[in-house]
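The chain contents come next:
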Amino acid sequence: MSEQFKYELAKDLGFYETVEKEGWGGIRTKDAGNMVKRAIQIAENAASKGYK
């Protein structure tokens, strides 16, 4: 996952400010899990559009 994509996900999920202030180590485990879930959703959506 690219750094840019991770930052976009953090903005989308509402914890970008924490990342800016404290780095990636400052986010909650739940936020990290939600980021992974969202990345998977985006990848699945992109894959399904490619196979139609």
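Scoring rules and cut-offs
Residues numbered from 1 in each chain as written. Predicted model: local features only at pLDDT ≥ 70, side-chain atom pairs only at ≥ 80, totals over all residues. Heavy atoms only, no water. Core = buried A, V, L, I, M, F, W, Y, C linked by side-chain atoms within 4.5 Å. Buried < 20%, exposed > 50% of the residue type's maximum accessible area, 1.4 Å probe, protein only. Helix = DSSP H or I, 4+ residues; strand = E, 2+ residues; numbered from the N terminus. Contact = heavy atoms within 4.5 Å. Phe/Tyr/Trp six-rings, centres within 6.5 Å; stacked < 30°, edge-to-face > 60°. Lys NZ or Arg CZ within 6 Å of the ring centre and 35° of its normal. Expected span 1.5 Å × (residues − 1). Arc of directions from axis to C-beta.

## Looking at the nonpolar core
Counting residues in hydrophobic clusters, the biggest one holds seven residues: Leu9, Ala10, Phe15, Val19, Ile27, Met35 and Ala39. Of all elements in the fold, only helix H1 (3–13) and helix H3 (29–50) reach the threshold of two or more residues within this core. Once residues lying within four places of it in the same chain are set aside, the contact partners of Met35 are Lys6, Leu9, Leu13, Phe15 and Trp24.

## Observations concerning the packing of aromatic side chains
For the structure shown, the criterion picks out two aromatic pairs. Ring centres of Tyr7 and Tyr16 lie 6.0 Å apart, and the angle between their planes is 80°; on these two criteria the pair is classed as edge-to-face. Judged by its relative accessible area of 23%, Tyr16 is partly exposed. Both rings, one in Tyr7 and one in Trp24, keep their centres 5.3 Å apart while their planes meet at 45°; by these two values the pair is tilted. Remark: Trp24 occurs in the loop between helix H2 (16–22) and H3 and Tyr7 occurs in helix H1; sequence separation between them is 17 residues. When its relative accessible area of 25% is taken as the criterion, Trp24 is described as partly exposed. Members of the aromatic cluster, joined through ring pairs, are Tyr7, Tyr16 and Trp24. When the ring centre of Trp24 is taken as origin, the NZ or CZ atom of Lys6, which lies over that ring, is 5.3 Å away. The ring of Tyr16 has Lys11 sitting right over it, with the charged end atom 4.9 Å from the ring centre.

## Some points on H3
With 22 residues, H3 extends 32 Å from end C-alpha to end C-alpha; this agrees with the ideal 32 Å at 1.5 Å per step. Every buried residue of H3 is listed here: Asp31, Met35 and Ala39. Seen along its axis, H3 keeps its buried residues to an arc of 80°; they face one direction. Projecting away from the buried face of H3 at angles above 90 degrees are the exposed residues Thr29, Lys30, Lys37 and Glu44. Those residues of H3 that are buried lie in contact with H1.

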